Amino acid sequence: MKIAITGKGGVGKTTFAATLARLYAEEGRTVLAADVDPDANLGLALGFPEEILDSITPISKMRRLIEERTGAGPDNQMYKLNPKVDDIPDTYSKVYNGVKLLLLGTVETGGGGCVCPEHVMLKRIINHLILRSNDVVIMDMEAGLEHLGRGTCESMEQFVVVIEPGARSVQTYKNVKRLAEDLGVKKVRVVANKVRGTEDEEFVRSKIPAEDLLGFIHYNPEVIDADRQGKSPYDVSESAKEEIRKIKEILDQSN
Ligand SMILES: Nc1ncnc2c1ncn2[C@@H]1O[C@H](COP(=O)(O)OP(=O)(O)OP(=O)(O)O)[C@@H](O)[C@H]1O
């Protein structure tokens with residue numbers, strides 16, 4: 001299972017990614033959760049203590065490592081496009097609650113044609129993650145579509161777009177689907193979050209093809225409580241966890 005979780009800002013990507021990762025860990029699977037968001041907070045949502053999180057530097061900011069692996073440096077503009085990265089996920093991740101967290105970060109100056117050493121490193125690490133054949137890899141992407149333009153996660157098996165029940169979120173799903181097809185990623189599916197009732201459910205069903213709809217997570221004050229307490233929704237909200245477990249079952253059936 002290798003999925004990239006994407007969607008508009010604040011829709012619940014991190015909530016979903018973290019809970020899903022914990023559910024796979026509960027089964028004894030090896031789970032690697034990669035945070036590809038400049039405003040990294042997947043660790044908190046996974047339940048990592050702040051002391052551990054404070055000790056982690058995103059790979060995108062590890063200048064010396066990037067220089068060492070790519071050969072790029074202040075005096076050398078030439079660099080390798082295929083740096084060695086196979087040891088990075090295990091060496092630089094931290095484990096808690098059975099989930100390996102890898103903070104990748106992003107390259108802020110990005111843009112469509114970005115081939116800076118940082119971007120080359122990140123893309124190569126992500127491409128490498130697909131080779132971890134028995135592992136579950138869940139990537140929490142930055143909000144928006146820029147990462148699709150950069151092809152950061154084109155090696156993933158599928159994208160899950162988290163949406164809220166609204167026209168703007170549905171538009172994002174359509175855009176992701178189109179860009180994903182260009183990248184060769186065939187499966188783009190939807191989780192509708194913050195759903196308030198049957199009207200919202202009907203709205204989503206009327207806009208998203210049934211085969212693309214993985215399920216619903218209802219609007220849930222316990223999820224907000226978890227965030228306020230700096231805890232994982234997995235540890236705080238049984239009801240959100242159970243809704244996400246159902247979504248996971250559908251993901252597993254169709255994998
Ligand atoms: N089902 C839900 N019910 C109520 N609140 C929710 C639900 N899911 C997420 N939230 C809240 O919405 C806010 C944003 O959630 P989250 O951080 O998971 O979104 P995100 O898409 O990862 O955000 P960003 O784009 O900033 O990375 C958080 O305060 C979270 O607690």
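- In the annotation of an unreviewed UniProt entry, the entry for the protein chain reads Carbon monoxide dehydrogenase accessory protein CooC, and the organism field reads Hominiventricola aquisgranensis.

## Let's talk about the environment of Leu46
Move 1: By the element assignment, Leu46 lies in helix α2 (residues 42-46).
Move 2: Each residue touching Leu46, except ones within four places of it in the same chain, is listed here: Ala18, Ala21, Arg22, Ala33, Asn97, Val99, Leu101 and Ser232.

## Remarks on the sheet that holds strand β8 (residues 213-218)
Move 1: Taking strand neighbours across the sheet as the criterion, the 8 strands line up as β3-β4-β2-β5-β1-β6-β7-β8 in an open arrangement whose pairing is mixed. Each edge of the sheet is formed by a strand with only one pairing partner; in this case those strands are β3 (94-96) and β8. Neighbour to neighbour, the strand axes of the sheet diverge by 25° on average, direction disregarded.
Move 2: Taken together, the 4 bridges between strand β7 (residues 187-195) and β8 define a ladder with parallel strand orientation. Among the inter-strand pairings, Ala192 is bridged to a residue of β8, identified as Phe216.
Move 3: Across the sheet, helix α1 (residues 13-26) lies against β1 (2-7), β2 (31-36), β4 (99-103), β5 (136-141), β6 (158-163), β7 and β8, angled at about 170° from β5, the strand it touches most.
Move 4: Packed onto the sheet, helix α8 (residues 167-183) meets β1, β6 and β7 and runs at close to 170° relative to β6.

## Here we look at the packing of helix α4 (residues 63-70) against helix α6 (residues 117-129)
Move 1: It is the contact of α4 with α6, at a shortest axis distance of 10 Å, that shows an interaxial angle of 80°. Here α4 is positioned roughly perpendicular relative to α6, judged by the angle of their axes. Contacts between α4 and α6 pair Leu65, Ile66, Arg69 and Thr70 from the former with Pro117, Glu118 and Met121 from the latter.
Move 2: Of the residues assigned to the contact of α4 with α6, the class counts are 4 nonpolar, 1 polar and 2 charged.

## Quick notes on the pairing of β7
Move 1: Of all 9 residues in β7, 7 are buried; the element is thus mostly enclosed.
Move 2: When β6 meets β7, the two strands line up parallel, connected through 6 bridges. Its bridge partner being in β7, Val161 is matched across the sheet by Val190.
Move 3: The parallel pair β6 and β7, bridged by α8, forms a crossover whose chirality is right-handed.
Move 4: In this fold, the crossover linking β7 to β8 by way of helix α9 (residues 198-207) has right-handed handedness.

## Some remarks on the nonpolar core
Move 1: Grouped together as the largest cluster of nonpolar side chains are 41 residues, with contacts concentrated most on Ile59, Leu104, Met139, Met156, Phe159 and Ile163.
Move 2: Considering every element that reaches this core, the biggest residue donor is α6, with 5 residues.
Move 3: Ignoring anything within four residues of it in the chain, the contact list for Leu104 reads Ala34, Asp35, Val36, Pro58, Ile59, Ser60, Leu122, Ile125 and Ile126.
Move 4: Ranked by size, the runner-up nonpolar core spans 34 residues in total, among them Leu20, Ala21, Ala33 and Leu251.

Rules used throughout
- Residues numbered from 1 in each chain as written.
- Predicted model: local features only at pLDDT ≥ 70, side-chain atom pairs only at ≥ 80, totals over all residues.
- Heavy atoms only, no water.
- Helix = DSSP H or I, 4+ residues; strand = E, 2+ residues; numbered from the N terminus.
- Contact = heavy atoms within 4.5 Å.
- Pairing = 2+ DSSP bridges.
- Axes fitted to C-alpha atoms, helices over the stretch in contact; angles between N-to-C directions.
- Parallel < 35°, antiparallel > 145°, perpendicular 65-115°, else oblique.
- Nonpolar A, V, L, I, M, F, W, Y, C, P; charged D, E, K, R; others polar.
- Buried < 20%, exposed > 50% of the residue type's maximum accessible area, 1.4 Å probe, protein only.
- Right-handed = clockwise from strand over helix to strand, strands pointing away.
- Core = buried A, V, L, I, M, F, W, Y, C linked by side-chain atoms within 4.5 Å.

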